Amino acid sequence: MTKRQVRLNMKKYQIAVYMLIASIVVNGCLYSNSTTPDLKIKFQQTYENDVIDFVVPRGMEGIVCSMNKDELVVLTFDGTEIMRESYSSEIITIDSSSQVSDKISVALSNNEVITYVIEDEISVKYDQTFDHQIKTIASLGRYSDEDMELVLLETGELYGYGLNYNRLLSENADEETAIDTPVLVAENITDLFQYCYITEDGRCFDIRMGEMSNSLPSGVTELQSYHCYPLLCTENTAYCIYSPFSEWKEEADYDPGYVSAYEAGIMYRLDNIWYYSGTLSAPRRGKGVPESKDAKIDLPEGYDYLILFEGLVGYDEHTIILYSV
């Protein structure tokens, strides 16, 4: 068997595992070790001299913040600051791979995207500049054949660079080939999140499995990801799809705008009450991982909230509160 055949077989196996896991989750089997969230503050920090713009998860290690419009700040789950970088342009968006925590990409208003690798030292892996305004980015896993950067421009053009995963960047190159110059992957794209993107004509794609659906729920306003699959958000309902051309499954109803998904977790507010479904910080008891399903959680008003890996974070202009669950 050739090396390429081995890689193709491995890829088919990985996709089968993704679909199996999703099927198990949908049927509720993973909640056999379910329990109630125990919300505890892991750290609370007030930044009197900084203004917090927004926060994104950093895998299993912490969070990444945009502060003062032009500063990137990386924090661990205990609030330790391990990186702070200032730019001459404003930060548009930040993405840290959900699979690993040592790669962070930041998009700037000067059409530049910088990707950092955080190991014993911090280094720049990529520094690319585009001809048009950047809408959003996705930084995929570093320690696998999925190590790729995706950049969506306001023109609807989707570019990629890095490893040639699924031969997305070049049909004529092997998947282990690194392509450092951005390649036009697709056009007429309206949104991008991790592995998924949607098109102007109402189709949804996953770069691992191809086209997932040729129709979208009515009124889609945002693309997120749940269980590593597309999560489409309308004004007050989130829908997910777990296999190509299956039905969109309704995941949650919520107060307009109050929903956040990450990996295998989702939190949302409905009728002013917050709910959490996902992995808990509690130690395992027997088989499986302790998880919660649509459990009510009590959160203070006045903060924006974001789900993390085994936790959540709330923030306003000057304060960050990170919770375990």
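What counts and how
- Residues numbered from 1 in each chain as written.
- Predicted model: local features only at pLDDT ≥ 70, side-chain atom pairs only at ≥ 80, totals over all residues.
- Heavy atoms only, no water.
- 1 Å grid on protein atoms, 1.4 Å probe; cavity = no way out; pocket = protein on both sides within 12 Å on 5 of 7 lines; lining within 4 Å.
- Points joined across faces, edges and corners; volume = space filled by probe spheres on them.
- Helix = DSSP H or I, 4+ residues; strand = E, 2+ residues; numbered from the N terminus.
- Nonpolar A, V, L, I, M, F, W, Y, C, P; charged D, E, K, R; others polar.
- Phe/Tyr/Trp six-rings, centres within 6.5 Å; stacked < 30°, edge-to-face > 60°.
- Buried < 20%, exposed > 50% of the residue type's maximum accessible area, 1.4 Å probe, protein only.

Which residues make up the layout of surface pockets, and what are the values?
There is about 840 Å³ of room inside the largest pocket. Surrounding the largest pocket, 37 residues form its lining, V55, V56, F193, E222 and L306 being those nearest its centre. Only β2 (52–58), β6 (91–96), β10 (134–139), β14 (189–193), β18 (222–226), β22 (259–262) and β26 (304–308) provide two or more residues apiece to the lining of the largest pocket. The leading source of residues in the lining of the largest pocket is β6, at five residues. The residue makeup of the lining of the largest pocket, split by class, is 21 nonpolar, eleven polar and five charged.

Give me empty space enclosed by the protein: which residues, what numbers.
On inspection of all chains with the given rule, the structure shows two cavities of 30 Å³ or more. Taken as a whole, the largest cavity spans an internal volume of roughly 50 Å³. A per-class count over the lining of the largest cavity returns five nonpolar, three polar and two charged. If you list the elements that add at least two residues to the lining of the second largest cavity, you get β23 (265–270) and β25 (291–297).

Please set out unusual backbone geometry residue by residue, giving values where relevant.
Despite not being glycine, N188 has its phi angle at roughly 60°, a positive value. With respect to the element layout, N188 can be found in the loop between β13 (178–186) and β14. For D271, which is not a glycine, the phi torsion comes out positive at approximately 55°. For D271, the position within the fold is in the loop between β23 and β24 (273–279).

A description of the packing of aromatic side chains should follow, citing residues and the corresponding values.
We describe a pair of aromatic rings using the distance from one ring centre to the other and the angle between the two ring planes. As enumerated under the stated definition, the model contains eight aromatic pairs in all. Arranged with centres 5.7 Å apart and planes meeting at 55°, the rings of F130 and Y159 form a pair that is tilted. With a gap of 29 residues between them, F130 in the loop between β9 (122–129) and β10 and Y159 in strand β12 (residues 158–163) connect regions that are remote in the sequence. Neither residue differs from the other here; F130 and Y159 are each classed as buried. Considering the side-chain rings of Y197 and F205, the 5.2 Å spacing of their centres and the 10° angle between planes classify their relative orientation as stacked.

No statement about biological role is implied by the geometric values presented.
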